[in-house]
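Chain by chain, the residues:
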Amino acid sequence: MSNPSAPADHESVGGLKTDQLFINMGPQHPSTHGVLRIALTIEGEIIVKAVPDIGYLHRGTEKLAEVRNYHHCVVLTDRWDYVAAMPNNLVFCLAAEKLMGVKATPRADALRVITCEMNRIASHLLFFGTYGIDLGALTPFLYAFREREMVLDLFEMLCGARLTYNYIRLGGVMTDVSPEWLKRTTEFVEYFKPRLDEYDTLLTYNPIFMARTQGVGIVTPKEAVDWALSGPNLRGSGVDHDVRKSEPYCGYENYDFDVPLGKTGSCWDRYFCRVQEMRQSLRIIEQAIAKLPAGPFMAPGVAKIPKPAPGESYAHVEGARGDLGIYLASDGGISPFRMHVHAPSFLNLAMLQEKLVGMKISDVIALLGSIDIVLGEVDR
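Everything numeric in this text was worked out from a predicted model, so none of it was measured. (Residues numbered from 1 in each chain as written. Predicted model: local features only at pLDDT ≥ 70, side-chain atom pairs only at ≥ 80, totals over all residues. Heavy atoms only, no water.)

Glancing now at the overall build of the chain. Helices and strands together make up the secondary structure of the chain, namely 15 helices and 10 strands. For 380 residues, the compact-globule estimate of 2.2 N^0.38 gives 21 Å, and the chain sits close to it at 22 Å. With respect to the three principal axes, the spread of C-alpha positions in the chain is 75 × 50 × 35 Å. Here the chain holds 380 residues, and 55% of them are scored as buried. Summarising the internal contacts of the chain: among those between residues at least 6 apart in sequence, 70% fall at separations of at least 24. When the accessible surface of the chain is summed, it comes to about 15,500 Å², and 58% of that surface belongs to carbon and sulfur atoms. If you average the places of the 38 positive and of the 45 negative side-chain charges in the chain, the two averages end up 4 Å apart. (Helix = DSSP H or I, 4+ residues; strand = E, 2+ residues; numbered from the N terminus. Rg over C-alpha atoms; globule rule 2.2 N^0.38 Å. Buried < 20%, exposed > 50% of the residue type's maximum accessible area, 1.4 Å probe, protein only. Contact = heavy atoms within 4.5 Å. Areas by Shrake-Rupley, 256 points an atom, 1.4 Å probe, with all protein chains shown as cover. Lys, Arg positive; Asp, Glu negative; His and termini not counted. Charge placed at Lys NZ, Arg CZ, Asp CG, Glu CD.)

A sheet is described by the order of its strands in space; here 3 strands give the open sequence E3-E4-E5, paired in antiparallel fashion. Pairing within the sheet leaves two strands with one partner each, and these edge strands are strand E3 (21-25) and strand E5 (46-53). If you compare each strand with its neighbour and ignore which way they point, the axes differ by 20 degrees on average. Inspection of the sheet shows E3 paired to strand E4 (residues 37-43) by 5 bridges, in the antiparallel sense. (Pairing = 2+ DSSP bridges. Axes fitted to C-alpha atoms, helices over the stretch in contact; angles between N-to-C directions.)

When the charged atoms of two side chains with opposite charge come close together, those side chains can pair. Within this structure, the stated rule accounts for 32 salt bridges. Ionic pairing is found between Asp 200 and Arg 279, a salt bridge with its closest N-O pair at 3.1 Å. Placement of the pair is Asp 200 in helix H6 (residues 179-204) and Arg 279 in helix H11 (residues 267-290), with a sequence separation of 79 residues. Given a relative accessible area of 11%, Asp 200 falls into the buried group. Classification of Arg 279 by relative accessible area gives partly exposed; the value is 23%. As a salt-bridge pair, Glu 318 and Arg 235 come within 3.1 Å of each other at their nearest N and O atoms. (Salt bridge = Lys/Arg side-chain N within 4 Å of Asp/Glu carboxyl O.)

Turning next to the sheet that holds strand E8 (residues 311-319). Whether parallel or antiparallel, the strands of a sheet pair through hydrogen bonds between backbone atoms. Taken in spatial order, the 3 strands of this open sheet run E8-E9-E10, and their pairing is antiparallel. Edge positions in the sheet fall to E8 and strand E10 (338-342), since each has one partner strand and no second. Across the sheet, the mean angle separating the axes of adjacent strands is 10 degrees when strand polarity is ignored. For strand E9 (residues 322-330) and E10, the ladder comprises 5 bridges, and the chain directions are antiparallel. Bridge pairing in E10 links Tyr 327 to His 340.

Summary statistics for the chain give a mean pLDDT of 90 and a share of 95% for residues scoring 70 or more. Considering only residues more than four positions removed or in separate chains, one finds that residues 1-13, a stretch of pLDDT under 50, has 17 contacts. (pLDDT = per-residue confidence, 0-100.)

The next thing to look at is the environment of Leu 99. Looking at the element boundaries, Leu 99 is found in helix H3 (residues 85-100). As a C-alpha pair, Leu 99 and Gly 311 span 212 residues in sequence and 7.0 Å in three-dimensional space. Contact partners of Leu 99, with chain neighbours within four places excluded, come to Tyr 70, Pro 308, Ala 309, Gly 311, Glu 312, Ser 313, Leu 328 and Ser 330.

This brings us to H3. Spanning 16 residues, H3 covers 23 Å between terminal C-alpha atoms, matching the ideal 22 Å at 1.5 Å per step. Of all 16 residues in H3, 15 are buried, a share of seventy percent or more. One or two positions beyond H3, positive phi appears at Gly 101, with a value near 70 degrees. (Expected span 1.5 Å × (residues − 1).)

A cluster of nonpolar side chains, namely Ile 133, Leu 138 and Leu 142, defines an oily patch on the protein surface of about 290 Å² accessible area. Following the sequence through the fold, Ile 133 ends up in helix H4 (residues 106-134). (Patch = residues over 30% accessible without salt bridge, like charges linked within 9 Å, V, L, I, M, F, W, Y side chains within 5 Å.)

So, in structure tokens, the structure goes:
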């Protein structure tokens, strides 16, 4: 019986007999951004087949939610997209609050917006620095992590954690912000604005970087929609969709910001959208701090062990990687009867099996890095 994964001989043009070679990229490969294996069949340097192999980081969090109460489930969410955990906390809380009939206070909504946008910046800085390394540029990584440490310092000052925050809670947030925290956050915003101009000089308009990314990995608007892409991967193809605009939550309709769009759907467009999104996040943070409402940071009436009435709910937010959704079903007990995560990284990753075919090995890293996946969210 033949091995389906074994390479096959191929008659190329001119009658020369060449071999197709089967190679593994990952799961122990720094440029796969986690434990991802891509099974590649190549002919020379051209890819003829690509099969993403996931599941190495599967922890069963959707099933674990069925034996934990709603407050304890928030802790599980930090572990999906662990470089942008605030939106994970938020989307679960929004879905659970719908089941519970609870509405967060205006101050809590504003604090949720501030922390989620700060986390978006931290996530995009990680992308910016590691994408530069993927394509041979070390210096941008050092700059990006300098600024990212400042954001993580602010999170540590706020909730004591630098990665898995558990800050956004059912009905509001864990604790109120201090005047000192708001002052330091405002100082960071002012400090960070000119740094983005440095990033453009370092990487965005670097001729070598542009040659490696412009015209590479092009995803047309139709392909982006057909593959159900979201976030910067969708907007990089010029499709104007952002959950913060189309279905506002936490008062996003009250903030003035733009949605950056790409033009050609190349790796560079997806990269550029993320850099521009950091500028827009700064605008949102400034506005949220300037008109931060007074009042409580936690809604009244949130039970220590909630038991929502039987029913279903769905909530979604614009996470750092796209449209992040949570479906919850309640049977009236203290734990969700069912929970399902609509994970943007999982959907964004799926297009690799089609888009990598015909590309060179050197471009695999350019395309994979440009979709900015986190395997904790893919596998869950």
